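Each chain is listed here by its residues.
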Amino acid sequence: MERRDFLQLLGIFSGAAILPGCGDKRSAGKLVSYLVPPDEGVLPGEALYLPSTCGECPAGCGLTVRVREGRAVKLEGRPGHPINDGGLCMRGQAALWRLYHPKRLQRPMLRDAEGQYQPISWDEALSLVVEGLRQARQQGRANLLLSGRTTGTLAELQRRFCRQLEVEQLPQFEIFSHAALRRAYGTLFGQAELPHYRIDRADLLLSLGADLFETFVSPVDYARQFSRAIKQDDFQWIHVEPHYSLTGANASERLVLSPGSEAALLSFLLRWNDSKGRLPTQLMAAVPAASATETARITGLPQERLEQLAEQLRLAERPLLIVGGIATAQAQGLQVALLAGLLQQQLGMVGELVDFARAEGYGSVGSLHDLERLAERLEQDRVGVLISDAAPLAQAPGTLELKRKIKRAGLRVGLCELFDDAAQQFDLLLPISHPIESWGDAAPRRGLLSLLKPAIAPLYDSRSAGEVLLGIMHRSGKEEPGQTYQEYLFNAWHRRFDQQQLRQFSEQGFLTLPVAAVPLRLKAEPAARQLAVEEVAEVVSAAAPHLILTPSIRSFDGRSSDLPLLSELPDPLSSVSYGRWLSIAPATAQQLQLQDRDLLRVSVGNWSAELPVRLQPGLAASVLMVQGDLLSEAPLPIDSRSGELIRRLDGVRLEKLGDAAELPILSGSSSQQGRGLIPDPVHTEEPSPDETRFYRAHPHKDYRWAMAINLELCIGCGACAAACYAENNVPVVGRQDHLQGREMSWLRIEPFYDDAGRASFIPMLCQHCHNAPCEPVCPVYAAYHNAEGLNVQVYQRCVGTRYCSNNCPYKVRRFNWWQHRWQAPLEQMHNPDLSLRDRGIMEKCTFCVQRIRQARDRAQDEQRPIEDGEVLTACGQSCPTGAIVFGNLLDESSTVYRLAHSKRAYRVFADLGTEPSIYYLRKG
Amino acid sequence: MYRLLLNLGIVGYFGLFLLVTGGLAAYWAIYQQTAEQPIAFPHRVHAGQLQLPCNFCHRYVEQARQAGIPSLSRCMDCHRSIATERSEIKKLTRYFEAGQPVYWERLHQLPDFIYFSHKRHIKGEIPCAACHGEVTRMEVVRRVRSLEMGWCLACHRERGAATDCTTCHK
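Only a predicted model underlies this, so the values are computations on that prediction, with no experimental measurement involved.

Draft legend 1. Quick look at the overall build of chain A. Each helix and strand in chain A was counted, giving 27 helices and 37 strands. The C-alpha radius of gyration computed for chain A amounts to 28 Å, which stays within 12% of the reference 29 Å derived for 924 residues, consistent with globular compactness. Viewed in the frame of its principal axes, chain A has a C-alpha envelope of about 85 × 75 × 60 Å. In chain A, which comprises 924 residues, the share counted as buried stands at 55%. Partitioning the intrachain contacts of chain A with sequence separation of at least 6 by distance along the chain shows that 73% fall at a separation of at least 24.

Draft legend 2. A look at the domain arrangement of chain A. Residue and element names in this part refer to chain A. Structurally, chain A comprises domain 1 (182-355), domain 2 (538-660) and domain 3 (705-921). For domain 1 versus domain 2, the separation of C-alpha centres amounts to 25 Å. Across the boundary between the two partners, domain 1 contributes 25 residues, which contact 26 residues of domain 2. Mapped by element, the contributors of at least two residues to the side of domain 1 that touches domain 2 are helix 7 (246-250) and helix 12 (333-346). Split into classes, the residues belonging to the side of domain 1 that touches domain 2 amount to 11 nonpolar, 11 polar and 3 charged.

Draft legend 3. Representation of the pairing of strand 17 (residues 428-431) of chain A. Residue and element names in this part refer to chain A. Of the two faces of strand 17, both are covered, the one formed by Leu428 and Leu430 as well as the one formed by Leu429 and Pro431. Examined bridge by bridge, strand 16 (residues 411-416) and strand 17 share 4 bridges and lie parallel to one another. Bridging from a neighbouring strand, cysteine 416 pairs with proline 431 of strand 17.

Draft legend 4. Examining the sheet that holds strand 10 (residues 204-208) of chain A more closely. All names here are of chain A. Spatially, 12-11-10-13 is the arrangement adopted by the 4 strands of the open sheet, whose pairing is parallel. Lying at the two open borders of the sheet, with one neighbouring strand each, are strand 12 (253-256) and strand 13 (319-323). When strand polarity is set aside, the average angle formed by the axes of neighbouring strands in this sheet is 15°. Here 5 bridges tie strand 10 to strand 11 (residues 236-241), and the two strands are oriented parallel to one another. What sits directly across from leucine 208, in strand 11, is valine 240. Running at roughly 170° to strand 13, helix 12 makes contact with strand 10 and strand 13 of the sheet.

About the criteria used
- Residues numbered from 1 in each chain as written.
- Chains lettered and ligands numbered in written order.
- Predicted model: local features only at pLDDT ≥ 70, side-chain atom pairs only at ≥ 80, totals over all residues.
- Helix = DSSP H or I, 4+ residues; strand = E, 2+ residues; numbered from the N terminus.
- Rg over C-alpha atoms; globule rule 2.2 N^0.38 Å.
- Buried ≥ 20, exposed ≤ 12 C-beta atoms within 10 Å, placed from the backbone.
- Contact = placed C-beta atoms within 7 Å.
- Domains from an automatic or database assignment.
- Nonpolar A, V, L, I, M, F, W, Y, C, P; charged D, E, K, R; others polar.
- Pairing = 2+ DSSP bridges.
- Axes fitted to C-alpha atoms, helices over the stretch in contact; angles between N-to-C directions.

Dropping the structure here:
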């Protein structure tokens, strides 16, 4: 690349680049001058919004990073991004906790003879790797590169690195590899990929096991598509699963089938719809026979419902079937995936709603078989240098004994972000920069390139993975296009795109590219052969109870479990925050005379674990449920055909221990106790206006801020609560305070179950009541009502009597029992637009008053009123489904006015006459 | 007895007077805070004699919450050629050439929990001197206003500006 081109690209991409980091200790009480003024558009004390891409899971959501004085203070979903369009899940919100994690690896480290890590320089570290690679080549041992799912230019660089340095690249490691699905699609259509499912175009969605809202491929995208689909009147969603997931809780109907009977159900549906004649007879012949009665017996579903389901599928105009998650993580997983592919083909989904042209780019991901082979090679001393990230060591099933076997590699080089247990399995630790400190790109889906651009200068002496690989190549004397990874990237982009595209890429943070159509032809013969090999196991004979290890919305596959915010946020279904627990059906609990927190020993073979129980309404009696990352030592086998982890243990033994454990359960009750918070069926009406009023009326002149929360769209994912923590400097208080009921969340999601075990979620936050019970009881006027309808808490007035909290019917006020401290450097993510609360102060949701202030400032500059939609609260911004709307109730053209006056609008505890400013929209 | 009481009374009276005067003097020193700066920058010369507008150096005052202190390159724009022989300018040049920022002592500091926007006040046509005093006549800048809530509110009330708590308390 020409120097001129490079400078030009630099110009395009580095407008408003990093501010010099100010704010060291010397600057307290000082004014520090700039040496040279920052770029145009950068104002001291004003936030800067820069594009990036989330790296917390493989979905690759677009980010907007809010930067204040060189510090990243908040992450938000990037509006318009093809994956998440503004929404961001709780893990994405928590990614800042990884950036400022106290355990961040700060410099390259080498383990010395005593097993202690000693810091070394990057020069030394890279030389060691080069030397190690050379030695291994001489000894005839293989050098290996193992990474998680990698896309875009970095994937290309990895291939180049491996080619040039004779390093073998292992298939990429993801524990959620979706290997069975990919293998099935490869057999059926020659596309060993994960398709992009178009939920928003379907009129009937049948999902089988796939945890669409938790971890399945691209959860924020699915939630967003769901929110679009549900706005169509005829959208129906049936979710079938053996356990209980957040996804199931949100479906129009959740059907519970016996664990392992998915294949039988799919066979039945295939046979029922055979009349459509889309499948060759030789293939149909290979599909296991399944009569309605037989299927009903195996699956445990009523026969009428089964037939009805098959009919619904047959009659639907645009049906969509999504299978995955637990359904394919079992011994029959590959068969389930094959049958699902066939059903998708039979009902005409493939190509349209099951879109392979925009496949999710999992082609280079391997399966646990690859890890098995690696373990074998390690055992045989055939591995020289192993360059890997920490994920395989943290997540590989214990049966592989990877932690023991990896010691036999010549040199173990870890590319790590955190200095945790998994990282300490390596000899040489190379600190990897956080995505928002790095240059890069990601192609999370075919036809999409998402930008990573450093929003802040690296906090430590870390480098991006690309820089490390390039550094090793340079040191080995390989000529590479680009001295730095940034230059390498610019080169790659320069080759692919023209000026206009580059400008767009830089400004919007992503580029959509045309995709070529993918030829899809059903390969009947290999498919039939493959199906015939798969025996229809009589699964129901497997002994109950079954222990199902579910994916976790909070930690994905365990990779995010180290982030403090995600332990503080409760699990959406059980509302347990810290610790691990076993979900059991109320029927099982009754039988064993157990209640919440009682200890139960579960054992299979030689393995056993003691877990406190948590009652999960709606869970099948034969099923126990635990989040997989919390029980990583469970002896889960690897499916020999698909190479996926089998996430179910059959015939577990249960033993009541008689003790109870301390388990923080944040919700007070799993039932609404007839109080009609979510008015189905109970709802108490508002009192008639002629009743005596104790409260003065509040006049509102220009604005009356109000919020509408559409419960039909609320999926209970907790993204709003996470966003609230991040925006408002809400302290993470830890397990002990949770046990004492002293959590600080300003916004919580309450799961409520009805008698049939159906869940509804309601986000609960300060209702900003018009007649607020908290206000008159405050002896120092710290709680008062302002002219714009906000219920304000003045921290400097508050003396901590807690009368307000006692008088609040919604339990949304939080008291600071401590002077909460953020462990350094976590305090760097503090939002400076908001003060930190001291000990002894009451705090609560402010309706993001700092954002209102910011919007007002902008509006005043332009001498206009604040427009509708201009103030986005942090919770509303983050919501993947757009369930939370904020605005001015006095403006009759505003969205919030329209929603507040909808027939579905109601207010919680309206009968108390508090007149909340939050309007909920009931379902249906 | 009577004389003793009288003497005590006189001593007490004058003692109290001295105490009050001393207290006031001490308070005044804190109130009209000043500090020795790393570079003795005379506002009197720049803003007074040369009549440079405030935003010539505090360039963000109309655009942002913080007025901003001039970057060293801004200082050097002029002082590359002006008054280069003076000791304070040499000090400035040394800072600039070493690439070190100057850590100025801060006189006007609001608590962390206060939202204050220079831009809003400038757009409301409040003269800089209303809060910062006549810096054009100050050799060394000192604080002339208390910057306390009561003082802020007095002006807000007088001018009919917002007095809601959330206007300033964040």
